[in-house]
Amino acid sequence: MSGIIGKKVGMTSIFGADGKNIPCTVIEAGPCVVTQVKTLEKDGYTAVQLAYGEKKEKNTSNQMKGHFAKAGTTPKRKLVEFKHFEDEKSLGEVITVELFAEGEYVDVVGTSKGKGFQGVVKRHGFSGVGGQTHGQHNRLRAPGSLGASSWPSRVFKGMRMAGRMGGDRVKIQNLQILKVFNEQNLLVVSGSIPGAKGSYVILEK
């Protein structure tokens, strides 16, 4: 599984060959540096660690400074491990958007926008108690009953209730690459991806 680390730039739309207007997302992907190559003999599994995004040296620990120095690169902000990379990669090698081609399909992993503490209607799609009569008062978006009485005398685990929403790791699968701009390190993929503008994303092919 090959991949690259990127940053969400924003959304736009382009016209396809059939004249349809396609919503799409622009991603700044790479360049990423190979900062570690894990092997079966030494680590028990094979993987490639990529680094992306510049970081100030004063904000980097001495341990990480040494880690990046081994790869011959400056401190980076985001580190991600990719197992079973398609091609053999060496320490310090740079990976760019040239890894991808137009028409390919990729999976995009990101962290969804945080929504804060939300109720059951927004969080789980409940309809609310409904009805305005029979003495109901301020029950429109209430969760309703949470369970029985003397048995089980508790609320079952996994009960859908109000709580913090968003801020989760989300993977969107099978997004088509519409455009590749090698000079600007930009990819244009169809559809939307999780996260706010400027948030880090992982592309897997």
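Residues numbered from 1 in each chain as written. Predicted model: local features only at pLDDT ≥ 70, side-chain atom pairs only at ≥ 80, totals over all residues. Heavy atoms only, no water.

A. Summary view of the overall build of the protein. Scanning the protein from N- to C-terminus turns up three helices and 12 strands. Over its C-alpha trace the protein gives a radius of gyration of 23 Å, far above what one expects of a compact globule, namely 17 Å for 205 residues. Structurally, the protein occupies a C-alpha span of about 70 × 50 × 35 Å along its principal axes. Taking all contacts inside the protein whose residues are at least 6 apart in sequence as the whole, residues at least 24 apart take part in 68%. Here the protein has roughly 12800 Å² of accessible surface; of this, 49% comes from carbon and sulfur atoms. (Helix = DSSP H or I, 4+ residues; strand = E, 2+ residues; numbered from the N terminus. Rg over C-alpha atoms; globule rule 2.2 N^0.38 Å. Contact = heavy atoms within 4.5 Å. Areas by Shrake-Rupley, 256 points an atom, 1.4 Å probe, with all protein chains shown as cover.)

B. A look at the pairing of strand 10 (residues 169-181). In terms of strand pairing, strand 7 (residues 105-111) meets strand 10 through six bridges, oriented antiparallel. Residue Val-108 lies in a different strand from strand 10, and its bridge partner there is Ile-172. Where strand 10 meets strand 11 (residues 186-190), four bridges bridge the pair, whose relative direction is antiparallel. Of the residues in strand 11, the one forming a bridge with Lys-179 is Val-188. Following strand 10, the chain reverses through four residues before pairing antiparallel with strand 11; Asn-185 in that reversal takes a positive phi of roughly 55°. (Pairing = 2+ DSSP bridges.)

C. Up close: the pattern of salt bridges. In this structure the tally under the stated criterion is five salt bridges. For Lys-89, the salt bridge is made with Glu-93, and the minimal N-O distance between the two is 3.6 Å. Between Glu-204 and Lys-171 there is a salt bridge, and its shortest N-O distance comes to 3.1 Å. Taken together, the positions of Glu-204 in strand 12 (residues 200-204) and Lys-171 in strand 10 put the pair 33 residues apart, joining distant regions of the chain. (Salt bridge = Lys/Arg side-chain N within 4 Å of Asp/Glu carboxyl O.)

D. Main features of the domain arrangement of the protein. Assigned domains of the protein: these are domain 1 (3-117 + 171-204) and domain 2 (118-144 + 159-165). Its C-alpha centre places domain 1 at a distance of 40 Å from the equivalent point of domain 2. Listed by partner, the interface residues are four residues for domain 1 and five residues for domain 2. Between domain 1 and domain 2 the total buried area reaches about 430 Å² when both faces are included, carbon and sulfur atoms providing 57% of it. Summed over the shared surface of domain 1 and domain 2, the result is zero salt bridges. (Domains from an automatic or database assignment. Buried area = accessible area lost by both parts, 1.4 Å probe.)

E. View of the layout of surface pockets. In this model, the largest pocket occupies a volume close to 170 Å³. In this structure, the largest pocket is lined by Val-37, Lys-38, Thr-46, Ala-47, Val-48, His-84, Phe-85, Glu-86, Asp-87, Glu-88 and Lys-89. Residue composition of the lining of the largest pocket, by class: four nonpolar, two polar and five charged. (1 Å grid on protein atoms, 1.4 Å probe; cavity = no way out; pocket = protein on both sides within 12 Å on 5 of 7 lines; lining within 4 Å. Points joined across faces, edges and corners; volume = space filled by probe spheres on them. Nonpolar A, V, L, I, M, F, W, Y, C, P; charged D, E, K, R; others polar.)

F. Layout of the packing of aromatic side chains. Scanning all chains against the criterion turns up three aromatic pairs. Each ring, one from Tyr-52 and one from Tyr-200, has its centre 6.0 Å from the other, and the planes form 90°; the classification is edge-to-face. Residue Tyr-52 is located in strand 4 (residues 47-54), and its partner Tyr-200 is located in strand 12; the two are separated by 148 residues in the primary sequence. On the numbers, 6.3 Å between centres and 65° between planes, the contact of Trp-151 with Phe-156 is edge-to-face. We classify Phe-156 as partly exposed; its relative accessible area is 39%. Sitting above the plane of the Tyr-45 ring, Lys-83 keeps its charged end 5.0 Å from the centroid. (Phe/Tyr/Trp six-rings, centres within 6.5 Å; stacked < 30°, edge-to-face > 60°. Buried < 20%, exposed > 50% of the residue type's maximum accessible area, 1.4 Å probe, protein only. Lys NZ or Arg CZ within 6 Å of the ring centre and 35° of its normal.)

G. Quick look at a positive patch on the surface. Taken together, Lys-113, Lys-115, Lys-122, Arg-141 and Lys-197 make up a surface patch of like positive charges. With respect to the helices and strands, Lys-115 occurs in the loop between strand 7 and strand 8 (116-118). (Patch = residues over 30% accessible without salt bridge, like charges linked within 9 Å, V, L, I, M, F, W, Y side chains within 5 Å. Lys, Arg positive; Asp, Glu negative; His and termini not counted. Charge placed at Lys NZ, Arg CZ, Asp CG, Glu CD.)

H. Just the environment of Thr-111, in detail. Here Thr-111 is to be found in strand 7. Overall, Thr-111 belongs to the partly exposed group, its relative accessible area being 45%. Residues Thr-111 and Gly-167, 56 residues apart in the sequence, show an inter-C-alpha distance of 5.7 Å. When sequence neighbours within four positions are dropped, the list of residues in contact with Thr-111 reads Gly-167, Asp-168, Pro-194 and Gly-195.

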